[in-house]
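What follows is the residue order along each chain.
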Amino acid sequence: ELRHISRSYVNITIIALNIAAFFFTALAASDGFSNASVLGLGYIPSVIHDTVELPPELVLVPENLTYLTYALLHADIFHLGGNMLFLWVFGDNVEDAMGHVKYLLFYLLCAASGAFLHGAILAGSEEPLIGASGAIAGVVVAYLMLHPHVKLWVLALMRIPLRIPAWIPIALWVIFQFVMLFTQTEDQISWP
């Protein structure tokens, strides 16, 4: 339930942009654009750290803009769906608490911070980083800080509805993110 804003326009727009970017790159894949977009819009630590240079035909945006553009790209429909589900569930309440402009700036800062952290850990990586997980991690943590006692409905074993404190699924999600960060180091997916 939103208390301070009538609708979460920024959150809805971010979700729509992610979905549009996914389908645009998926449809363009037959022309080879999907791989070019991942290289041209994904965050590549070795490019940012000037140890590798992209061929000019793959440069789609200035390299510093990839701190944000990587967050619009997703590996597959499941990656997109999982990220957008968390953004849909938690983002509107964070936007309600922060207001539209502050929420947008916060989301962008979280996306950039996710890329920065990835680049600091894997500075020599030539693999493009993609996914909104870094930004969504910030939104989820903000939600937990703003609403620590809220209870959520979850399906245990995909069948049993349980009402549990929000911090439990969020804590499990954060743990999963860090496990994936340290075990999937060659993956292109943004694990915060």
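Everything that follows concerns the structure shown earlier in this document.
Notes on the structure in this doc start here. No experiment lies behind these values; they were computed from the predicted model shown.

A closer look at the side chain of Asn83
- Assignment of secondary structure puts Asn83 in helix H5 (residues 77-98).
- Setting aside residues no more than four positions away along its own chain, Asn83 makes contact with His74, Gly131, Ala132, Ser133 and Ile136.

A short note on the nonpolar core
- Leu87, Tyr103 and Tyr107 are the most contacted members of the largest nonpolar core, which has 33 residues in total.
- For this core, the secondary-structure elements that each account for two or more residues are helix H1 (9-27), H5, helix H6 (100-121), helix H7 (133-146) and helix H8 (167-183).
- The dominant element in this core, judged by the number of residues it contributes, is H7, at seven residues.
- Look past the residues within four positions of Tyr107 in its chain and what remains in contact with it is Ile14, Asn18, Leu87, Ala132, Ala135 and Val139.

Comments concerning the packing of H5 against H6
- Where H5 contacts H6, the axes come no closer than 7 Å and their chain directions differ by 125°. Of the possible angle classes, the one that applies to H5 and H6 is oblique. As for how H5 packs across H6, the hand of that crossing is right-handed. Where H5 approaches H6, its residues Leu87, Gly91, Val94, Glu95 and Met98 are matched on the opposing element by His100, Lys102, Tyr103, Phe106 and Tyr107.
- Of the residues in the contact of H5 with H6, the class split is six nonpolar, two polar and two charged.

Notes on a nonpolar patch on the surface
- A cluster of nonpolar side chains, contributed by Ile19, Phe23, Leu27, Ile77 and Phe78, occupies part of the molecular surface with about 560 Å² of accessible area.
- Residue assignment for the nonpolar patch shows that the elements contributing at least two residues are H1 and H5.
- Among the elements that make up the nonpolar patch, the one with the highest residue count is H1 (three residues).
- Mapped onto the elements, Phe78 comes out in helix H5.
- Given a relative accessible area of 70%, Phe78 falls into the exposed group.

With respect to the packing of aromatic side chains
- With the rule as written, the count across this model stands at five aromatic pairs.
- These aromatic residues form a ring-pair network of at least three members: Tyr43, Tyr67 and Tyr70.

A few points about the side chain of Thr66
- Note on placement: Thr66 falls in helix H4 (residues 66-69).
- Taking relative accessible area as the criterion, Thr66 reaches 5% and is therefore assigned buried.
- Ignoring anything within four residues of it in the chain, the contact list for Thr66 reads Gly40, Leu41, Gly42, Tyr43, Ile48 and Val61.

Analysis parameters
Residues numbered from 1 in each chain as written. Predicted model: local features only at pLDDT ≥ 70, side-chain atom pairs only at ≥ 80, totals over all residues. Heavy atoms only, no water. Helix = DSSP H or I, 4+ residues; strand = E, 2+ residues; numbered from the N terminus. Contact = heavy atoms within 4.5 Å. Core = buried A, V, L, I, M, F, W, Y, C linked by side-chain atoms within 4.5 Å. Buried < 20%, exposed > 50% of the residue type's maximum accessible area, 1.4 Å probe, protein only. Axes fitted to C-alpha atoms, helices over the stretch in contact; angles between N-to-C directions. Parallel < 35°, antiparallel > 145°, perpendicular 65-115°, else oblique. Left-handed = near helix turned anticlockwise from the far one by under 90°. Nonpolar A, V, L, I, M, F, W, Y, C, P; charged D, E, K, R; others polar. Patch = residues over 30% accessible without salt bridge, like charges linked within 9 Å, V, L, I, M, F, W, Y side chains within 5 Å. Areas by Shrake-Rupley, 256 points an atom, 1.4 Å probe, with all protein chains shown as cover. Salt bridge = Lys/Arg side-chain N within 4 Å of Asp/Glu carboxyl O. Phe/Tyr/Trp six-rings, centres within 6.5 Å; stacked < 30°, edge-to-face > 60°.

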